[in-house]
Amino acid sequence: MAPKVVLITGCSSGIGLATAVCLAKEKQHEFKVYATMRNLGSKGSLETAAGDTLDKNLFIRKLDVTKEDTISSVVDEIVRENGRIDVLINNAGCGGVDGNDQWPLERCQAMMDTNYWGVVRTTRAVLPAMKKQKSGRILNVSSLYGVLGGPFYATYVSSKFAVEGFTESFAPVLRDAYNIRMSIIQPGPVRTEMLANFQKDREESVKDFDSATREMYLVQKKKMKSLVEQLDQTADDIAKLHLEVILSENPHLRYQTSEAGTQIVATKLKDPTTDALLDMLKQ
């Protein structure tokens, strides 16, 4: 049986790197992985982790989800060489702390361009091949903040809410018309370079907050510490879940990546008013 052909975005570190390596080294099921990143100068960690799968089961390519020409170049290569694309994992993303009115609008738009429009662009690029073959899996990496609007992350939250809405709306159409299954993955805090950058960015961003907002943020940061510790996972944890979803005959629309995350989502969904969210800073 031919290997499943997989395209993953955002593979220079973290979840993308771990998933690419996990699939490339999978023994029971064979995958041919195209691991992509915006800057090939950052490929060293992936090359090392890939080991002897490099250029055999794992191929590194340049792809910037904000630039359609780089997307089409990689997708065209994959289809030309393999005749199909079986799996797309939309993982590329960025984040940061903001009070919504604290960031320049251009920075907010840039984050939305990567986190949301990047998903739309890559999904559109693979759909002709998947529709033709009447099969495919698309995994969109969202966040618990894609269902829970955490304070001080307004732009990041908005981008992930958009990914959730896009997927939820599109999924039944693709499933019923083309046998293409879309799933949303909702990690909490994951020990990755992105989380480290989040933490570094927080210290810089809050310097520009007005005094009332900054004080609220610092109080909330202390309260969040224990919750973050409950949710904390590794990139390998998420990679294993990605493999499980890809191999599932009937994948769910949404997956939380931890039991604590599932409990948080369930608490929100059981109350249609969601008024409790207004008290998040007090809880």
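Residues numbered from 1 in each chain as written. Predicted model: local features only at pLDDT ≥ 70, side-chain atom pairs only at ≥ 80, totals over all residues. Heavy atoms only, no water.

How would you sum up the overall build of the protein chain? Please name residues and give values.
For the protein chain, the helix and strand inventory stands at 9 helices and 9 strands. Expressed as a percentage of the 283 residues in the protein chain, the buried residues total 48%. In the protein chain, once contacts between residues fewer than 6 apart in sequence are set aside, the share between residues at least 24 apart is 76%. (Helix = DSSP H or I, 4+ residues; strand = E, 2+ residues; numbered from the N terminus. Buried < 20%, exposed > 50% of the residue type's maximum accessible area, 1.4 Å probe, protein only. Contact = heavy atoms within 4.5 Å.)

Account for helix α8 (residues 235–247), naming residues and giving values.
With 13 residues, α8 extends 19 Å from end C-alpha to end C-alpha; this agrees with the ideal 18 Å at 1.5 Å per step. Within α8 the residues assigned to the buried category are Ala-235, Ile-238, Ala-239, Leu-241, His-242, Leu-243, Val-245 and Ile-246. (Expected span 1.5 Å × (residues − 1).)

Go over the packing of aromatic side chains with me, naming the residues and quoting the values.
Overall, the coordinates contain 6 aromatic pairs when judged by the stated rule. On the numbers, 5.6 Å between centres and 25° between planes, the contact of Tyr-34 with Phe-59 is stacked. Taken together, the residues span a long stretch of sequence, with Tyr-34 in strand β2 (residues 31–37) and Phe-59 in strand β3 (residues 58–62) at a distance of 25 residues. The structure contains a cluster of three or more aromatic residues connected by ring pairs, namely Tyr-116, Trp-117, Phe-166 and Phe-170. Against the face of Trp-103 rests Arg-107, its NZ or CZ located 3.9 Å from the ring centre. (Phe/Tyr/Trp six-rings, centres within 6.5 Å; stacked < 30°, edge-to-face > 60°. Lys NZ or Arg CZ within 6 Å of the ring centre and 35° of its normal.)

Account for the packing of helix α1 (residues 14–24) against α8, with residues named and values stated.
The contact between α1 and α8 brings their axes to 8 Å, and the two run at 55°. By the angle class used here, α1 and α8 are oblique. Crossing angle aside, the handedness with which α1 passes α8 is right-handed. Of the residues in α8, those in contact with Gly-14, Ile-15, Ala-18, Thr-19, Cys-22 and Leu-23 of α1 are Ala-235, Asp-236, Ile-238, Ala-239, His-242, Leu-243 and Ile-246. (Axes fitted to C-alpha atoms, helices over the stretch in contact; angles between N-to-C directions. Parallel < 35°, antiparallel > 145°, perpendicular 65-115°, else oblique. Left-handed = near helix turned anticlockwise from the far one by under 90°.)

Describe the sheet that holds strand β5 (residues 136–141), naming the residues involved and giving the relevant values.
On the basis of which strands lie adjacent, the open sheet formed by 7 strands has the order β3-β2-β1-β4-β5-β6-β9 and parallel pairing. Where the open sheet ends on each side, the last strands, each with one partner, are β3 and β9 (254–256). Pairwise comparison of adjacent strand axes, ignoring direction, gives a mean angle of 20° for this sheet. Pairing between strand β1 (residues 4–8) and β2: 5 bridges, direction parallel. Looking at β2, one finds that Val-6 is bridged to Val-33. Where α8 meets the sheet, it contacts β1, β2, β4 (87–90), β5, β6 (180–186) and β9, and its direction lies at approximately 150° from that of β5. (Pairing = 2+ DSSP bridges.)

Can you lay out the nonpolar core for me, pointing to particular residues and giving the numbers?
In globular proteins that are soluble, nonpolar side chains generally tend to be buried together. Membership of the largest hydrophobic core comes to 32 residues, with the highest contact counts inside it found for Leu-23, Val-33, Leu-46, Leu-58 and Ile-89. Put simply, the parts of the chain that give this core at least two residues each are β1, α1, β2, α2 (44–50), β3, β4, β5 and α8. Here Ile-89 is in contact with Val-6, Leu-7, Ile-8, Thr-9, Thr-19, Leu-23, Leu-139, Val-141, His-242 and Ile-246, once residues within four sequence places are set aside. Ranked by size, the runner-up nonpolar core spans 26 residues in total, among them Phe-59, Ile-85, Ala-92 and Ile-180. (Core = buried A, V, L, I, M, F, W, Y, C linked by side-chain atoms within 4.5 Å.)

Explain the pairing of β3 to me, using residue names and the numbers behind them.
Summarising the sheet, β2 and β3 pair through 5 bridges and their orientation is parallel. Counterpart to Met-37 in the pairing with β3 is Lys-62. Remark: the β2/α2/β3 crossover connection has right-handed handedness. (Right-handed = clockwise from strand over helix to strand, strands pointing away.)

Which residues make up the environment of Arg-84, and what are the values?
Mapped onto the fold, Arg-84 is located in the loop between α3 (68–82) and β4. We classify Arg-84 as partly exposed; its relative accessible area is 28%. The spatial distance from the C-alpha of Arg-84 to the C-alpha of Gln-133 is 7.3 Å, given a sequence separation of 49 residues. Excluding residues that lie within four positions of it along the chain, Arg-84 makes contacts with Val-5, Ile-78, Val-79, Gln-133 and Ser-135. A polar side-chain atom of Arg-84 sits 2.8 Å from a polar atom in the side chain of Asp-86. (Polar contact = N/O pair within 3.5 Å; in protein donor to acceptor, adjacent residues only side chain to side chain.)

Kindly report on the side chain of Thr-155, identifying the contributing residues and their values.
Tracing the sequence through the fold places Thr-155 in helix α5 (residues 154–178). Since its relative accessible area comes to 7%, Thr-155 is described here as buried. Not counting the four nearest positions on each side in its chain, Thr-155 is found in contact with Asp-98, Trp-103, Cys-108 and Met-111.

I'd like a rundown of the environment of Leu-88, residues and numbers included.
Relative to the helices and strands, Leu-88 resides in strand β4. By relative accessible area, Leu-88 is classed as buried at 0%. Beyond its immediate sequence surroundings of up to four residues, Leu-88 is in contact with Leu-7, Thr-122, Thr-123, Val-126, Met-130, Arg-137, Ile-138 and Leu-139.

Residues and numbers for the pattern of salt bridges, please.
One pass over the structure, following the stated rule, counts 8 salt bridges. The salt bridge involving Asp-176 is made with Arg-175; its shortest N-O contact spans 2.8 Å. On the basis of relative accessibility, which here comes to 57%, the residue Asp-176 falls in the exposed class. Each of the salt bridges in this network shares a partner with another, and the network as a whole consists of Glu-164, Glu-168 and Arg-254. (Salt bridge = Lys/Arg side-chain N within 4 Å of Asp/Glu carboxyl O.)

Structural measurements only, silent on function.
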